[in-house]
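What follows is the residue order along each chain.
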Amino acid sequence: TGDEWHWADTAMILLKRDPSFANALMRPMLEHFGEDGTIMHGVDSRARSVLNEILIINPVETWREIANLLGPPVDAKSWHLKDWLRGGAFFGRETGPSPLERIPIRELWSWVDDEVEERAWYLATMVPNRLFREDGKPCLAREVLVRYGAREDVQRNMAANFSTEGWMGPESLHYERKREELDTYLGLETHPLVRSWVRTYIDSLSSS
């Protein structure tokens, strides 16, 4: 809506002039994240770009506020937050780094390790569903498999995450291309837990 755009533009100007306003804006935005009738409702909400900017300005404190809202229990707000953190591209549209990728990885490990049984598999559902090797840039899906990939619940939920996607054209062609990409990745991967998971997932794609 027009009000949302005006609010978001004003908030962006405020943050650029004085980043210290980040936390004052962040807390009410998270409080109403995903709520009907608010500027934080829509998936493509302009206001969410403001929250992305706040995450860049203050990633640690913003993550810790988000983590307090992720559950358990997993409610509507935590589901919307998880979906936003994951980010990702549908139908080939890249959206840039996901919000989760802007969070220091040590913060993610600290959060999971406090309650591994409840959080390791949960993190597997929210990492961006892509595997890559790139100098200076950690691949969160790979790092989760390296650290927690011996757990069956992590393997299962990572597979569900990688299967949550959109595409255009024949389904069989989509799976064939995806399998080829993972075959190429497998030729570069050395960690046994990651290789094991990729092989299993490739087998499931072959069946599909």
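Refer to the structure printed above.
Rules and cut-offs
- Note that residues are indexed from 1 along each chain, following the sequence as it is written.
- Local features in this predicted model are restricted to residues whose pLDDT is 70 or higher, and side-chain atom pairs enter the listing and the counts only when it is 80 or higher, whereas totals over whole chains, interfaces and linings include all residues.
- Think of the side-chain values as coming from all heavy atoms in the structure, minus any hydrogens and water.
- Per the convention used, a helix needs a DSSP run of H or I reaching at least four residues, while a strand needs a run of E reaching at least two, with both numbered from the N terminus.
- Here the radius of gyration uses the C-alpha set of atoms, whereas the globule reference equals 2.2 Å times the residue count to the power 0.38.
- A 1.4 Å probe rolled over the protein chains alone gives each residue an accessible area, and that area as a share of the maximum for its type sets the label: buried under 20%, exposed over 50%, partly exposed in between.
- We call two residues in contact when some of their heavy atoms are within 4.5 Å.
- All tallies of charge rest on Lys and Arg as positive and Asp and Glu as negative; His and the ends of each chain are not included.
- Taken as the charge location is NZ of Lys, CZ of Arg, CG of Asp or CD of Glu.
- A carboxyl oxygen of Asp or Glu within 4 Å of a side-chain nitrogen of Lys or Arg is what we treat as a salt bridge.
- Side-chain atoms alone can form a polar contact between residues adjacent in sequence; in general such a contact is a pair of N or O atoms within 3.5 Å, and within protein one must be able to donate a hydrogen while the other accepts it.
- Patches in this entry comprise residues that are over 30% relatively accessible and not in a salt bridge; like charges within 9 Å are linked, as are nonpolar side chains (Val, Leu, Ile, Met, Phe, Trp, Tyr) within 5 Å.
- Per-residue and other accessible areas follow the Shrake-Rupley method at a 1.4 Å probe size, with only the shown protein chains counted as cover for residues.
- Here, nonpolar core means buried Ala, Val, Leu, Ile, Met, Phe, Trp, Tyr and Cys residues that are tied together by side-chain atoms lying within 4.5 Å of each other.
- Paired rings are identified among Phe, Tyr and Trp, the last through its six-membered ring, by centres lying within 6.5 Å, and are further divided according to the angle between planes into stacked (under 30 degrees), edge-to-face (over 60) and tilted (the rest).

Undergrad: Would you mind going over the overall build of the chain with me for this structure?
TA: A count of helices and strands for the chain gives 11 helices and 0 strands. Taken over the C-alpha trace, the chain has a radius of gyration of 18 Å; the compact-globule value for 208 residues is 17 Å, and the two agree within 12%. Across its three principal directions, the C-alpha atoms of the chain cover 50 × 40 × 35 Å. When burial is assessed residue by residue, the chain has 40% of its 208 residues classed as buried. Of the contacts made within the chain by residues no fewer than 6 positions apart, 61% connect residues no fewer than 24 positions apart. A gap of 3 Å separates the mean positions of the 25 positive and 34 negative side-chain charges of the chain.

Undergrad: Even after reading the chapter, I still don't get the pattern of salt bridges, so can you show me in this structure?
TA: For side chains bearing opposite charge, pairing can occur when the charged atoms are close. Enumeration over the complete set of coordinates arrives at 13 salt bridges. The salt bridge partner of aspartate 113 is arginine 147, with a shortest N-O separation of 2.8 Å. Taken as a pair, aspartate 113 in helix 6 (residues 105-114) and arginine 147 in helix 8 (residues 140-148) lie far apart in primary sequence, 34 residues in all. Among the residues examined, aspartate 113 registers a relative accessible area of 36% and is labelled partly exposed. The class for arginine 147 is partly exposed, based on a relative accessible area of 42%.

Undergrad: Explain the side chain of arginine 48 to me, please; I cannot follow it from the model alone.
TA: Tracing the backbone through its elements, the reader meets arginine 48 in helix 3 (residues 46-57). Buried arginine 48, no salt bridge; nearest opposite-charge side chain is aspartate 83, N-O distance 5.8 Å. A polar side-chain atom of arginine 48 sits 3.4 Å from the main-chain carbonyl oxygen of methionine 40.

Undergrad: Would you explain a negative patch on the surface in this entry?
TA: A cluster of acidic residues, Glu176, Glu180, Glu181 and Asp183, forms a negative patch on the protein surface. Among the residues examined, aspartate 183 registers a relative accessible area of 41% and is labelled partly exposed.

Undergrad: I would appreciate a short explanation of the nonpolar core in the present structure.
TA: In summary, soluble globular proteins display a tendency toward joint burial of nonpolar side chains. In terms of nonpolar packing, the biggest core is built from 56 residues, with Trp63 and Leu100 touching the most fellow members. Looking at which element gives the most residues to this core, the answer is helix 11 (residues 192-207), with 6 residues. Excluding residues within four positions of it along the chain, leucine 100 makes contact with Trp63, Leu85, Leu108, Leu123, Met126, Val127, Pro128 and Leu140.

Undergrad: Sorry if this is basic, but what is going on with the environment of lysine 178 here?
TA: Looking at the element boundaries, lysine 178 is found in helix 10 (residues 171-186). Through-space distance from the C-alpha of lysine 178 to that of isoleucine 202 is 8.6 Å; in sequence the pair is 24 residues apart. Residues in contact with lysine 178, not counting those within four places in the same chain, are Phe162, Ser163, Glu165, Tyr201 and Leu205.

Undergrad: Explanation requested: the packing of aromatic side chains in the structure shown.
TA: The geometry of an aromatic ring pair is captured by two quantities: the separation of the ring centres and the angle between the planes. As enumerated under the stated definition, the model contains 8 aromatic pairs in all. Here tryptophan 111 and tyrosine 122 contribute two aromatic rings whose centre-to-centre distance is 6.3 Å and whose plane-to-plane angle is 45°, an arrangement assigned as tilted. Here tyrosine 122 lies in helix 7 (residues 116-126) and tryptophan 111 lies in helix 6, a separation of 11 residues in the sequence. When its relative accessible area of 4% is taken as the criterion, tyrosine 122 is described as buried. Between tryptophan 121 and tyrosine 122, the ring centres sit 5.4 Å apart and the planes meet at 35°, which makes this aromatic pair tilted.

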